[in-house]
Amino acid sequence: MKKLTIFIIIFILTGAIGYNFKTDTKTENAVKNGFLNDYHIYAVPLPDSLTFVDEQVPIKQSDIRERIDRELLVNTYWQSNTLLMIKRANKYFPVIEPILKRNGVSDDFKYLAVAESGLQNVTSPSGAKGFWQIMKKTGKEMGLEIDKDVDERYNLEKATETACEYLKKAKEKYGSWTLAAASYNAGMNRISTELEKQQVDNYYDLYLNEETSRYVPRIIIIKEILEHPDNFGFIFNKKDLYIPTKYIKVEVDSSITDLAQFATQLGTNYKNLKLLNPWLISKKLDNKDKKTYIFKIKKD
């Protein structure tokens, strides 16, 4: 009796499961005759010409063409991510652009920051931080303050200055902004070693690992899409873009035991203080050396 009962239960459940997973013929026909006819995924035409800092991209070379095409497809069809980059660019490019210009670094390098971080203060698996993804050792060597209370890799202005310093050194070393960009990803030692081993003198003739092989094409395509978004189907109004936060600057040359209380005294709050000063990485500032810091305070 028990066996019969179990058999009946199994039969009923199996039948129910089978029924739930049966395909509805009408649905199949609707998909075939309607949805698939209306929904198409198109190959994205490659531009006839591409440049990076006035250096022509050899897109007629088959391997370079395929690498460029890959980044074009990825960044065009990952619509949410690319649209976020467009929105953030309106907020942060006005900070980055004048620093690049002041340092004699091409405006094209603002797209390197987009490729590195998507214009966010992120941390990589290797420990690189900030918009420009600077490693701790490199940051300290180039004068950024990095300790238990402060990490200036998260200070957009100072991190951009540091990136400019690195890129100018690389350009002086290689005579090419494209190789300078590649070295930002792989390091100057690696690029120099590979140039010597492979006996070539430009990025596009180098055989490199996948990450660095994709790196410069990604920057180039991000530049192309962000400069001509409507060519790739990105439609938006000015009001859709993120805007810079208005703030005033306050000089601080003393220790702060409680940043939340400090923010309140300045007529703001801890959240806004942290959003405008992400380089403050603890809830206090132990300023024994009486160093002068510039705080951004949100302006209503």
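Residues numbered from 1 in each chain as written. Predicted model: local features only at pLDDT ≥ 70, side-chain atom pairs only at ≥ 80, totals over all residues. Heavy atoms only, no water.

Undergrad: Looking at this structure, how should I read the side chain of arginine 67?
TA: When you line up the elements, arginine 67 lands in helix H3 (residues 62–77). Setting aside its immediate chain neighbours within four residues, arginine 67 contacts Tyr203, Ser213 and Pro217. (Helix = DSSP H or I, 4+ residues; strand = E, 2+ residues; numbered from the N terminus. Contact = heavy atoms within 4.5 Å.)

Undergrad: Looking at this structure, I do not really get H3. What am I missing?
TA: Given 3.6 residues per turn, any residue in an α-helix points the same way as the ones three and four places further on. Look at H3: 22 Å from first C-alpha to last across 16 residues, which is about the 22 Å you get at 1.5 Å a residue. Taken residue by residue, H3 has Ile64, Arg67, Ile68, Glu71, Leu72, Asn75 and Thr76 as its buried positions. On an axial view of H3, the arc spanned by its buried residues comes to 155°, and they lie on one face. Turned more than 90 degrees off the buried face of H3, the exposed positions are Ser62 and Glu66. For H3, the elements touching its buried residues are helix H4 (79–102) and helix H10 (210–227). (Expected span 1.5 Å × (residues − 1). Buried < 20%, exposed > 50% of the residue type's maximum accessible area, 1.4 Å probe, protein only. Arc of directions from axis to C-beta.)

Undergrad: Teacher, can you tell me more about the pattern of salt bridges here?
TA: Working definition: two side chains of opposite charge can pair if their charged atoms are close together. What the rule picks out here adds up to 17 salt bridges. Note that arginine 67 is salt-bridged to aspartate 63, the shortest N-O span being 3.7 Å. Highlighted residues: arginine 67 and aspartate 63, both in helix H3, separated by 4 residues, approximately one helical turn. Assessed through its relative accessible area of 37%, aspartate 63 is described here as partly exposed. Note that aspartate 286 and lysine 148 form a salt bridge whose closest N and O atoms lie 3.7 Å from each other. (Salt bridge = Lys/Arg side-chain N within 4 Å of Asp/Glu carboxyl O.)

Undergrad: What is the right way to look at the environment of valine 105 in this model?
TA: Positionally, valine 105 belongs in the loop between H4 and helix H5 (110–117). Spatially, the C-alpha atom of valine 105 lies 6.5 Å from that of cysteine 164, the residues being 59 residues apart in sequence. Non-local contacts of valine 105, meaning those with residues more than four positions away in its chain, are made with Leu100, Cys164, Leu167, Lys168 and Trp177.

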